[in-house]
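One-letter residues, chain by chain:
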Amino acid sequence: MQLDHRRIAVTGGFGALGAATVHAALGAGARVVAIDRTAPPAGGLGHATCLGGVDLADPQAAKEALSAAARAMGGLDALVNIAGTFRYETLAGGDLDTWDLLYRVNLRTAVAASQAALEHLQAGGRIINIGAASALKAGAGIGAYTASKSGVMRFTEALAEELKDRDITVNALLPSILDTAPNRADMPAADFKRWVKPQQLAEVILFLLSEQASAITGALIPVT
């Protein structure tokens, strides 16, 4: 999949999936700006520009970061919203603040970053969000997480309709458990072979960024 000269901003760009996506896009010929709340990784991310310390849930911070990304690349062709987090917490033993946290990190960041990107995206632009397969049928202890990811799904559908006439596509991927070091530590008895590797999900993201996916919008695509 070739993305020659495509200019892509990736939120949550310093995490496992974000970094995999950044490296995959660079390998496909794209220019990339990685945005994250944490400090940039030591040594950076290849040739990507790294913007750290950004609270994307703050609309002004998101606007400044996306404008900086567009300036660094001479424009913006796509936004990949990967910023997110997870908590396992039952309602009986839990805290309502967890619901606010997951809403803020999983949904609000995607909304604020997308809103900030709209002034830069032109016809042919792309927005890709990360939902969750578990949001289709929640289990015990993941109510707050799946509620926030369900919001990502509905947001994706609504924005896709809103941007159709501008020829900007908006899609979401719904992955199952990602094969990352923290997930392995949390679930050491699991069968890791059944999990989705970040590099595999990154390849699906590249497809949605490509010209071959130009007819797809408003889709919620399981990657399980």
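How each quantity is defined
Residues numbered from 1 in each chain as written. Predicted model: local features only at pLDDT ≥ 70, side-chain atom pairs only at ≥ 80, totals over all residues. Heavy atoms only, no water. Salt bridge = Lys/Arg side-chain N within 4 Å of Asp/Glu carboxyl O. Helix = DSSP H or I, 4+ residues; strand = E, 2+ residues; numbered from the N terminus. Buried < 20%, exposed > 50% of the residue type's maximum accessible area, 1.4 Å probe, protein only. Pairing = 2+ DSSP bridges. Right-handed = clockwise from strand over helix to strand, strands pointing away. Expected span 1.5 Å × (residues − 1). Bend = angle between axes of the 7 residues up to and from the residue. Contact = heavy atoms within 4.5 Å. Polar contact = N/O pair within 3.5 Å; in protein donor to acceptor, adjacent residues only side chain to side chain. Axes fitted to C-alpha atoms, helices over the stretch in contact; angles between N-to-C directions.

Caption draft 1: Representation of the pattern of salt bridges in the model. Per the counting criterion, the structure on display carries 9 salt bridges. One salt bridge connects Glu157 with Arg154, and the closest N-O pair in it is separated by 2.7 Å. Taken together, the residues span about one helical turn, with Glu157 and Arg154 both in helix α4 (residues 143-163) at a distance of 3 residues. Take Arg154: its relative accessible area is 45%, and that puts it in the partly exposed class.

Caption draft 2: Representation of the pairing of strand β2 (residues 31-35) in the model. β2 sits mainly inside the fold: 4 of its 5 residues count as buried. Sheet topology note: the strand β1 (residues 7-11)/β2 ladder contains 5 bridges and is parallel. Each bridged residue has a counterpart across the sheet, and for Ile8 the counterpart in β2 is Val32. As a crossover connection, the stretch from β1 through helix α1 (residues 16-27) into β2 is right-handed. Taken together, the 3 bridges between β2 and strand β3 (residues 49-51) define a ladder with parallel strand orientation. Note on β3: the bridge partner recorded for Val33 is Thr49.

Caption draft 3: Quick peek at helix α3 (residues 96-117). Between the first and last C-alpha of α3 there are 31 Å, a value that for 22 residues agrees with the 32 Å anticipated at 1.5 Å per step. The largest bend along α3 reaches roughly 40° and is located at Arg108. Looking at α3, one finds that the buried residues are Thr98, Leu102, Asn106, Leu107, Thr109, Ala110, Ala112, Ala113, Ser114, Ala116 and Ala117. In this structure, the buried residues of α3 make contact with β1, α2 (59-73), β4 (78-81), β5 (126-130) and α4. The N-cap residue of α3 is Asp95: its side-chain oxygen and the backbone nitrogen of Asp97 are 2.8 Å apart.

Caption draft 4: Main features of the environment of Glu157. On the accessibility criterion, Glu157 (29% relative accessible area) is partly exposed. Each C-alpha atom, one on Glu157 and one on Thr217, is 8.2 Å from the other, the two residues being 60 residues apart in sequence. In this structure, Glu157 is in contact with Gly218 and Leu220, ignoring residues within four places of it in sequence.

Caption draft 5: Quick peek at the sheet that holds β2. Overall, parallel pairing links the 7 strands, which are arranged β3-β2-β1-β4-β5-β6-β7 in an open sheet. Of all strands in the sheet, those bounded by a partner on one side alone are β3 and β7 (220-223). The sheet shows a mean angle of 20° between the axes of neighbouring strands, direction not considered. Both β4 and β5 contribute to a ladder of 4 bridges, which runs parallel. Looking at the pairing, Ala78 lines up with Arg126 of β5. Each of β1, β4 and β5 is contacted by α3, which is oriented at about 170° to β4, the strand it contacts most.

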